[in-house]
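# Breakdown of the fold
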Amino acid sequence: MASTGSTPFPKWQLAILLGAPLAIGLGYLYLRNRLEDPEKKKVADLKAKTTISLDNEENNAKVAESAIDRAMKLKGAGNRAFHAGEFDKAIALYNEAIEACPPDHTVDLATFYQNRSACYEKREMWEQVKEDCTFALKLNEKYVKAFLRRSRAAEKSGDLVLALEDVTSACILERFQVQSSLVNADRILKALGRQHAREALAKRQPVMPSKHFIKTYFSAFSEEPITKLQLEDNATGGFAKAKKALDAQDYESIVDACTEELEADGKYKYEALLLRATFYLLLGRHDEAQADLAKVIDSNASLKVKVNALIKRASLFTQLENTERCLEDFAHAAKLDPSNSDIYHHRGQVYLLLERMDEATAEFAKAVELNPNFSIAYIQKCYADYRLAQLHKNVGALTQVRSDFERALEKFPRCAEAYILYAQVLSDQQEWGRAESLFDSALSVDPDNAALYVHKGLVQLQKNTDFDKAVKLINKAIEMDEKCDFAYETLGTIEVQRGNLRRSLELFEKAIALAKTELEMTHLFSLKDAAAAQLKVSERWGLDWTVS
């Protein structure tokens with residue numbers, strides 16, 4: 001699997017780097033205003049039905065008292081019927097309790113509606129659940145149980161936006177202290193993110209990644225057959241045009257040039273198929289990429305071309321969350337060309353993403369054994385060793401990892417990824433000064449890598465909680481590379497933390513426009529949807545989320 005581009009870290013690690021809680025983007029915030037006690041509100045129709053006038057208040061006090069006593073007894077009987085599994089009987093009793101309850105007892109009345117909704121939930125009558133919870137919330141606008149139950153009903157009936165808004169409301173009222181609510185929020189966010197991602201992918205226009213991203217992608221292959229291929233100076237035809245465009249970083253013309261070679265059934269048709277498939281991958285045109293890669297794999301192409309196609313298809317299956325097919329392609333590639341280090345390097349990255357650390361370290365070790373001078377695999381091995389040592393809390397192994405990173409810097413002083421990954425390890429150990437120095441060293445080696453300014457910003461956030469400095473650095477990344485999706489995503493997440501929710505929505509939209517896979521889009525929509533839900537809730541209650 002190829003590198004993630006201008007940053008070696010997968011998207012899901014961003015929340016970890018920022019210290020975010022389980023419910024993406026929801027909890028790492030600060031309330032300036034304490035939530036006030038809910039104002040008592042009366043539902044208009046109930047208020048109109050039975051209003052106790054001030055003139056008759058004393059005369060009706062005993063009547064009201066007996067009415068609420070009767071309502072509470074009916075509620076108690078309804079509760080007993082509910083716990084006995086007699087839901088229809090419970091509904092009837094709660095109906096009577098609602099009828100009997102004086103309308104100025106709004107908290108009690110809200111409870112009766114909420115209890116009746118619990119019966120409807122047992123009956124899987126989702127519209128009735130939502131209706132009763134809505135009545136309860138009109139009477140008691142910060143009723144956590146009603147929010148949670150309506151959220152469940154909305155999720156069951158496919159209204160994921162309402163489900164998210166309600167569970168967000170509950171999380172805020174619970175001060176993000178109830179794990180079950182956070183788990184529910186996370187589940188709904190993922191489902192809504194996936195729904196929005198699929199809708200967006202169906203109508204998105206492919207966007208060519210930045211030149212730096214594409215350069216980094218190809219650098220992740222030590223045995224890339226296209227970049228290694230040398231053509232004669234006077235070579236003509238579609239593939240010759242495509243190869244020259246690749247060397248000149250004129251990426252926009254490559255797909256058409258490859259198609260020209262294929263239509264002419266040219267000498268380099270298999271190389272043209274592979275190169276076109278590679279750019280379809282980079283553009284997020286997955287169906288077309290898969291079709292071209294399958295043709296290469298089933299053809300009489302050279303061994304290196306066929307194996308590279310298998311590795312890239314395995315990467316595609318990872319993005320499509322089809323791990324079984326991914327590992328099948330790697331196994332096929334290893335059988336065809338067991339001495340190809342790229343197979344083990346990229347399979348190691350897959351295992352790293354799957355948190356299968358023992359297998360990841362073994363794969364990287366094999367890649368380095370086969371090609372000890374390939375810097376990217378060497379550094380990834382160091383990082384995988386670090387993750388494994390962290391997992392097992394092995395102090396001796398952690399010490400060894402640091403020595404290995406130091407050795408890597410000596411061996412590969414021009415490899416930016418060596419500085420980046422070692423800096424991340426040191427950031428994890430809260431050695432901020434050395435981490436900053438390493439990111440600066442990476443910039444001296446790779447000054448066009450905008451993502452390095454994002455990493456520098458994250459260090460400022462972790463070290464000093466210096467939002468202003470972090471934002472300034474990340475904005476510099478965007479100035480350098482307007483297609484740096486890592487910068488938009490990170491800045492959007494920071495703006496959520498700062499309480500600038502509208503700004504965060506704009507930034508997440510920009511990151512979404514650059515996403516290439518459903519997996520990436522799902523993650524980004526989850527961030528956006530969380531911020532949107534929080535914004536709606538905060539506007540409803542007049543909350544100020546900004547950090548002072």
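Residues numbered from 1 in each chain as written. Predicted model: local features only at pLDDT ≥ 70, side-chain atom pairs only at ≥ 80, totals over all residues. Heavy atoms only, no water.

## Side note on the overall build of the protein chain
Across its full length, the protein chain carries 28 helices and zero strands. Within the protein chain, the fraction of its 548 residues that count as buried is 57%. Once local pairs closer than 6 in sequence are excluded, the contacts in the protein chain between residues at least 24 apart make up 62%. (Helix = DSSP H or I, 4+ residues; strand = E, 2+ residues; numbered from the N terminus. Buried < 20%, exposed > 50% of the residue type's maximum accessible area, 1.4 Å probe, protein only. Contact = heavy atoms within 4.5 Å.)

## A short note on the UniProt feature "repeat: TPR" (unreviewed entry) in the protein chain
If you check UniProt for "repeat: TPR" (unreviewed entry), the listed places come out as residues 71–104, 307–340, 341–374, 416–449 and 485–518 in our numbering. Secondary structure content for residues 416–449 is 79% helix and 0% strand, and the end C-alpha separation is 9 Å. For the annotated span residues 485–518, helix accounts for 85% and strand for 0% of the residues, and the straight-line distance between the end C-alpha atoms is 15 Å. (UniProt positions renumbered as here; feature names shortened; annotations may be inferred.)

## Considering unusual backbone geometry
Negative phi characterises most residues that are not glycine, and trans characterises most peptide bonds. Positive phi, close to 60 degrees, is recorded for Gln 430, a residue that is not glycine. By the element assignment, Gln 430 lies in the loop between α22 (416–428) and α23 (432–445). Positive phi, close to 50 degrees, is recorded for Thr 465, a residue that is not glycine. Structurally, Thr 465 can be placed in the loop between α24 (451–464) and α25 (467–480).

## A few points about the pattern of salt bridges
On inspection of all chains with the given rule, the structure shows 35 salt bridges. Close ionic contact of Glu 165 with Lys 536 constitutes a salt bridge, the shortest N to O distance being 3.2 Å. Residue Glu 165 is found in helix α8 (residues 160–173), and its partner Lys 536 is found in helix α28 (residues 518–541); the two are separated by 371 residues along the sequence. Given a relative accessible area of 44%, Lys 536 falls into the partly exposed group. Among the ionic pairs, Arg 498 bridges to Glu 495, the shortest N-O distance being 3.2 Å. Here Arg 498 pairs with Glu 495, and both are found in helix α26 (residues 485–498), just three residues apart, close to one helical turn. As far as the burial class goes, Arg 498 and Glu 495 line up, both buried. Sharing partners across several salt bridges, the network here consists of Glu 121, Arg 149 and Arg 152. (Salt bridge = Lys/Arg side-chain N within 4 Å of Asp/Glu carboxyl O.)

## As for the packing of helix α21 (residues 395–411) against α22
For the pair α21 and α22, interaxial distance at closest approach is 10 Å and the crossing angle is 155 degrees. If you check the angle between α21 and α22, you find them roughly antiparallel. In this structure, the crossing between α21 and α22 has a hand that is left-handed. Seen from α21, the contacting residues are Arg 402, Phe 405, Glu 406 and Leu 409; seen from α22, they are Ala 418, Tyr 419, Leu 421, Tyr 422, Val 425 and Leu 426. Among the residues forming the contact of α21 with α22, the class breakdown is eight nonpolar, no polar and two charged. (Axes fitted to C-alpha atoms, helices over the stretch in contact; angles between N-to-C directions. Parallel < 35°, antiparallel > 145°, perpendicular 65-115°, else oblique. Left-handed = near helix turned anticlockwise from the far one by under 90°. Nonpolar A, V, L, I, M, F, W, Y, C, P; charged D, E, K, R; others polar.)

## Structural notes on the packing of helix α7 (residues 144–156) against α8
Running from N to C, α7 and α8 point in directions that differ by 155 degrees, and their axes come no closer than 8 Å. In this view, α7 runs roughly antiparallel relative to α8, as classed from their interaxial angle. In this structure, the crossing between α7 and α8 has a hand that is left-handed. Every residue of α8 that contacts α7 at Val 144, Phe 147, Leu 148, Arg 150, Ser 151, Ala 154 and Glu 155 is listed here: Leu 160, Leu 162, Ala 163, Asp 166, Val 167, Ser 169, Ala 170 and Leu 173. Looking at the contact of α7 with α8 residue by residue, the classes come out as 10 nonpolar, two polar and three charged.

## Structural notes on the packing of aromatic side chains
For any pair of aromatic rings, the description rests on two quantities: the centre-to-centre distance and the angle between the ring planes. Enumeration over the complete set of coordinates arrives at 11 aromatic pairs. For the ring pair Tyr 113 and Phe 135, a centre distance of 5.0 Å and an interplane angle of 25 degrees mean the geometry is stacked. Within this pair, whereas Tyr 113 is found in helix α5 (residues 106–122), its partner Phe 135 is found in helix α6 (residues 126–139), the two being separated by 22 residues in sequence. Note on Tyr 113: relative accessible area 6%, which makes it buried. One aromatic cluster is present, built from ring pairs that chain together Tyr 217, Phe 218, Phe 221, Tyr 251 and Phe 279. One Lys or Arg, Lys 312, reaches over the ring of Phe 221 and ends 5.2 Å from the middle of that ring. The ring of Phe 213 has Lys 516 lying over it, and the distance from NZ or CZ to the ring centre is 4.4 Å. (Phe/Tyr/Trp six-rings, centres within 6.5 Å; stacked < 30°, edge-to-face > 60°. Lys NZ or Arg CZ within 6 Å of the ring centre and 35° of its normal.)

## Looking at the environment of Glu 520
Note on placement: Glu 520 falls in helix α28. Taking C-alpha positions, Glu 520 is 8.6 Å from Ala 197, a pair spaced 323 residues apart along the chain.

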